[in-house]
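# Structural characterization, general
For reference, the chains in residue letters:
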Amino acid sequence: MDPSRAFVTNVKRLIVKVGTAVVTRGDGRLAVGRLGALCEQLKELNSQGYEIVLVTSGAVGIGLQRLRYRKLVNSSLAELQNAQFELDGKACAAVGQSSLMALYDTLFSQLDVTSSQYLVTDTEFRDTSFRKQLSETVKSLLSLKVIPIFNENDAVSTRRAPYEDSSGIYWDNDSLAGLLAMELKADLLVMLSDVEGLYSGPPSDPNSKLIHTYIKEKHQCEITFGDKSRLGRGGMTAKVNAAVCAAYAGIPSVITSGYATDSIIKVLQGKCVGTLFHRDAHLWTLVKELGVREMAVTARKCSRQLQAMNSEDRRKILLDIADALEANESLIKIENEADVTAAQNDGYEKSLISRLSLKPGKISSLAKSIRVLADMEDPIAQVLKRTELADGLILEKTSSPLGVLLVIFESRPDALVQIASLAIRSGNGLLLKGGKEAKRSNAILHKVITSAIPENIGEKLIGLVTSREDIPDLLKLDDVIDLVIPRGSNKLITQIKNSTKIPVLGHADGICHVYVDKSAKVDMAKQIVRDAKIDYPAACNAMVYSVPIGSQETLLLHKDLSSNGLLNELVSDLQHEGVTVYGGPRASSLLNIPETHSFHHEYSSMACTIEIVDDVQAAINHIHQHGSSHTDCIITENHEVAETFLHGVDSAAVFHNASTRFCDGARFGLGAEVGISTSRIHARGPVGVEGLLTNRWILRGSGQVVNGDKGVIYTQKDLPLQTPL
């Protein structure tokens, strides 16, 4: 359950308001399917003991459609040629109300639910005795599990547009719903609309974000509303006003989609759907936003102190971390085993559990990689280029940390160690958010690492984010977070990219290919294919079958291999190792194996796809069509074919006669990697220290001024590199 929705555990009586756009289709006719789904939801909640009051719009819209048709049927030819039908809204309401209620009655009757009708006007609420009688009648009906259905009686209402003024008690069915929530002492108000909730801009704008929690002090000045609904007279403005009034009267309110078949049920399950209005929301939401902002700001402050240290002191921090990991190996192992056991009990997939487990020797391996990283040349403030712009005017291009990194990763606690060590070596502040399945492992690793950071830098150089609910707030901090690096599933990475203005570095898919050419050596091909698939199937550089997600590969084989027996041998070897083999259209019929349903699927497990291609160019075309630009390999003894493949495949890493498993930061000599990037800007392939750096320009002069370039003679001469003064 989302913590901000914990109030739902105390909900018994709820008001459900259905908007006109939910009740009717675009042409004004009743949306029978949506109403049927709504009634089924209310039936289920009614049977669970919830007391439900329904406030419905739609009568005017339905009546308008019917009267337009009636007017059309009874019009003369001259009237049709000048068809401008002005229809009285009250007449529309009178005609539409009976149809609307008849449908509700029919639908509820089919579900063995009894409903009742209330048509009210705002003037009636001025009568104290009416309000008292209304409450008593509704209470009696609810005790009998009857669902009262309210609608403003527009047919006889004396109110005229504009509907909202200081003399009114309510002005539409939205404000009526808010009024009834207070009058009937409801525990929750749910308002159903044609969108998922309140957005930061027009819902159709891809840059608009759903506001999960409305903060009056923050949002009422930031958000502007468009036109009212197409047939109703309220629109989102009226819904927000009603929700705010109810919320500040102590009744939580949610605006959510009426198009979804289970939105009310999800709200009552405590799921984070729609926009929540709560009188205390400004307290916990603003505190949370300030919390993650403070974490990011502090990480930046600590990173600047780290950058100010000399190279040897930064190196010593890494060596101390490596020592601390080895000294606390037994404690780390206990916490990791607890995570693994919990994941097994929760039924997680074997591939995830494999990534989660810190196997024997892993801590020693991590400590070794950190020491390798520490012994590398200091990457910060390296002079990349020196230029004499003019006499006595020297320009230096130097390496510089990015600032603050946010890394969101799943499953692998060893990633936390690698990322933290890379951040320290590159002088960056770091915020880490690991998967809940590795909660205990991440916590102990974070504690061990930060305890080795000296006090003059501060342990808050590396912040550990523990709540998934903090991620949306972190992704808003484009002014204090400089780069987001998501490591995990296609779904995670895509969601992150679509949810932030902060630059994102990563790869959504891990579809790797091995192409075995006709000139390949048999034993070499077998060995590489086996290693690429079996060495570590859960890795994103493993060979799976042609699908896109994180670690999937396809084995492409030259057509001539079917004649020398290598094709059957490779398939047999994979199957013997427990790999489930699928085939493309050609391979499946030739080898009598199941045909793959897609060349864009990643297994991250013991499965792969095989396909037959005519030649190296066909293999290249297949990779470009179905690959993810991660890592691709050719096995061949033909140098010309190899060069064609190496220069023709546009991937971050392309190998000849070597397993795709070599695509790794540690194996590349980077010390470690923060992830693998398949984008074509900034870093590409395994991202080590260099991928976490940018550059700065330092200009050293002796009083020069531009002054229209009158007195400057530009030499722009390259100079030898040297350490900055």
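Residues numbered from 1 in each chain as written. Predicted model: local features only at pLDDT ≥ 70, side-chain atom pairs only at ≥ 80, totals over all residues. Heavy atoms only, no water.

### Digging into the packing of helix 15 (residues 362-374) against helix 16 (residues 414-426)
Their axes nearest at 10 Å, the elements helix 15 and helix 16 cross at an angle of 15°. With respect to their mutual orientation, helix 15 and helix 16 come out roughly parallel. Crossing hand, helix 15 versus helix 16: right-handed. On helix 16, the residues touching Lys-362, Leu-366, Ile-370, Leu-373 and Ala-374 of helix 15 are Asp-414, Val-417, Gln-418, Ser-421, Leu-422 and Arg-425. Tallied by class, residues from the contact of helix 15 with helix 16 come to six nonpolar, two polar and three charged. (Axes fitted to C-alpha atoms, helices over the stretch in contact; angles between N-to-C directions. Helix = DSSP H or I, 4+ residues; strand = E, 2+ residues; numbered from the N terminus. Parallel < 35°, antiparallel > 145°, perpendicular 65-115°, else oblique. Left-handed = near helix turned anticlockwise from the far one by under 90°. Contact = heavy atoms within 4.5 Å. Nonpolar A, V, L, I, M, F, W, Y, C, P; charged D, E, K, R; others polar.)

### Re the pairing of strand 5 (residues 188-193)
The buried fraction of strand 5 amounts to six of the six residues, a majority that puts the element mostly inside the structure. The alternating pattern of strand 5 places Leu-188, Val-190 and Leu-192 on one face and Leu-189, Met-191 and Ser-193 on the opposite face, and all of these are buried. Pairing between strand 1 (residues 13-18) and strand 5: five bridges, direction parallel. Each residue of the ladder has a partner; that of Leu-14, found in strand 5, is Leu-188. (Buried < 20%, exposed > 50% of the residue type's maximum accessible area, 1.4 Å probe, protein only. Pairing = 2+ DSSP bridges.)

### Quick word on helix 9 (residues 235-248)
Counted at 1.5 Å a residue, the expected span for helix 9 with its 14 residues is 20 Å, and the 21 Å between its end C-alpha atoms agrees. When you tally the buried positions in helix 9, you get ten out of 14 residues, the bulk of the element. Positive backbone phi, at 95°, marks Gly-250, one or two positions downstream of helix 9. (Expected span 1.5 Å × (residues − 1).)

### Focus on the packing of helix 13 (residues 329-345) against helix 17 (residues 439-451)
Where helix 13 contacts helix 17, the two axes come as close as 7 Å, and the packing angle between them is 160°. Comparing their axes, helix 17 and helix 13 come out roughly antiparallel. Note on packing geometry: the crossing formed by helix 13 with helix 17 is left-handed. In contact with Leu-331, Ile-332, Glu-335, Asn-336, Ala-338 and Asp-339 of helix 13, helix 17 contributes Lys-439, Arg-440, Ser-441, Ile-444 and Leu-445. Here the residues of the contact of helix 13 with helix 17 are counted per class, giving five nonpolar, two polar and four charged.

### A look at the sheet that holds strand 13 (residues 462-465)
Here we have four strands laid out as an open sheet, ordered 13-12-11-14, and parallel in their pairing. The two strands at the open ends of the sheet, each matched to only one other strand, are strand 13 and strand 14 (483-487). Here the average twist between neighbouring strands, direction ignored, is 20°. Sheet topology places strand 11 (residues 404-409) next to strand 14; five bridges connect them, and they run parallel.

### Re the pairing of strand 19 (residues 631-635)
For strand 19, the tally of buried residues reaches five of five residues, placing the bulk of the element in the interior. Alternating positions in strand 19 separate into two faces, Thr-631, Cys-633 and Ile-635 on one and Asp-632 and Ile-634 on the other, with burial throughout. Sheet topology places strand 19 next to strand 20 (residues 653-656); four bridges connect them, and they run parallel. Following the sheet pairing, Ile-634 is matched in strand 20 by His-656. As for the winding sense of the linkage, the β-α-β connection from strand 19 through helix 24 (residues 639-648) to strand 20 is right-handed. (Right-handed = clockwise from strand over helix to strand, strands pointing away.)

### A look at the sheet that holds strand 8 (residues 275-277)
Strand order in the open sheet formed by eight strands is 3-4-2-1-5-7-8-6, with mixed pairing between adjacent strands. Of all the strands in the sheet, just strand 3 (115-120) and strand 6 (213-214) have a single pairing partner and so form its edges. Taken strand by strand, helix 2 (residues 32-47) contacts strand 1, strand 2 (51-56), strand 4 (147-152) and strand 5, and its axis lies near 160° from that of strand 2. Helix-sheet contacts for helix 9 involve strand 1, strand 5, strand 6, strand 7 (253-257) and strand 8, and the interaxial angle to strand 5 is about 170°.

### A few points about the confidence of the model for the chain
Per-chain confidence: the chain averages 83 in pLDDT, with 85% of residues scoring 70 or above. Note on residues 161-167: pLDDT under 50 across the span, and eight contacts to partners over four residues away in sequence or across chains. Ignoring residues within four places in sequence, the model shows residues 227-233, a span with pLDDT below 50, making 20 contacts including any to other chains. (pLDDT = per-residue confidence, 0-100.)

### Focus: the packing of aromatic side chains
Counted under the stated rule, the structure contains six aromatic pairs. With 5.4 Å between their ring centres and 80° between their planes, Phe-125 and Phe-130 make a pair best called edge-to-face. Of the residues examined, Phe-125 reaches a relative accessible area of 0% and is grouped as buried. Classification of Phe-130 by relative accessible area gives partly exposed; the value is 23%. The ring of Tyr-259 is capped by Arg-34, whose NZ or CZ atom sits 4.1 Å from the centre of that ring. (Phe/Tyr/Trp six-rings, centres within 6.5 Å; stacked < 30°, edge-to-face > 60°. Lys NZ or Arg CZ within 6 Å of the ring centre and 35° of its normal.)

### Section: the nonpolar core
Within the largest apolar cluster, 50 residues are counted, with the highest numbers of intra-cluster contacts made by Leu-325, Val-407, Ile-424, Leu-430, Leu-432 and Ile-462. The element that contributes the greatest number of residues to this core is helix 16, accounting for eight residues. Apart from residues no more than four positions distant in its own chain, Leu-325 is found in contact with Ile-332, Ile-363, Ile-370, Val-417, Leu-445 and Val-448. By size, the runner-up hydrophobic cluster in this structure holds 38 residues, among which are Leu-14, Tyr-104, Val-273 and Leu-276. (Core = buried A, V, L, I, M, F, W, Y, C linked by side-chain atoms within 4.5 Å.)

### Comments concerning helix 23 (residues 616-626)
For helix 23, the set of buried residues is Val-616, Ala-619, Ile-620, His-622, Ile-623 and His-626. Around the axis of helix 23, the buried residues are gathered within 160° of arc, so they sit on the same side. Between the side-chain oxygen of the N-cap and the backbone nitrogen of Gln-617 there are 3.2 Å, and the N-cap of helix 23 in question is Asp-615. (Arc of directions from axis to C-beta. Polar contact = N/O pair within 3.5 Å; in protein donor to acceptor, adjacent residues only side chain to side chain.)

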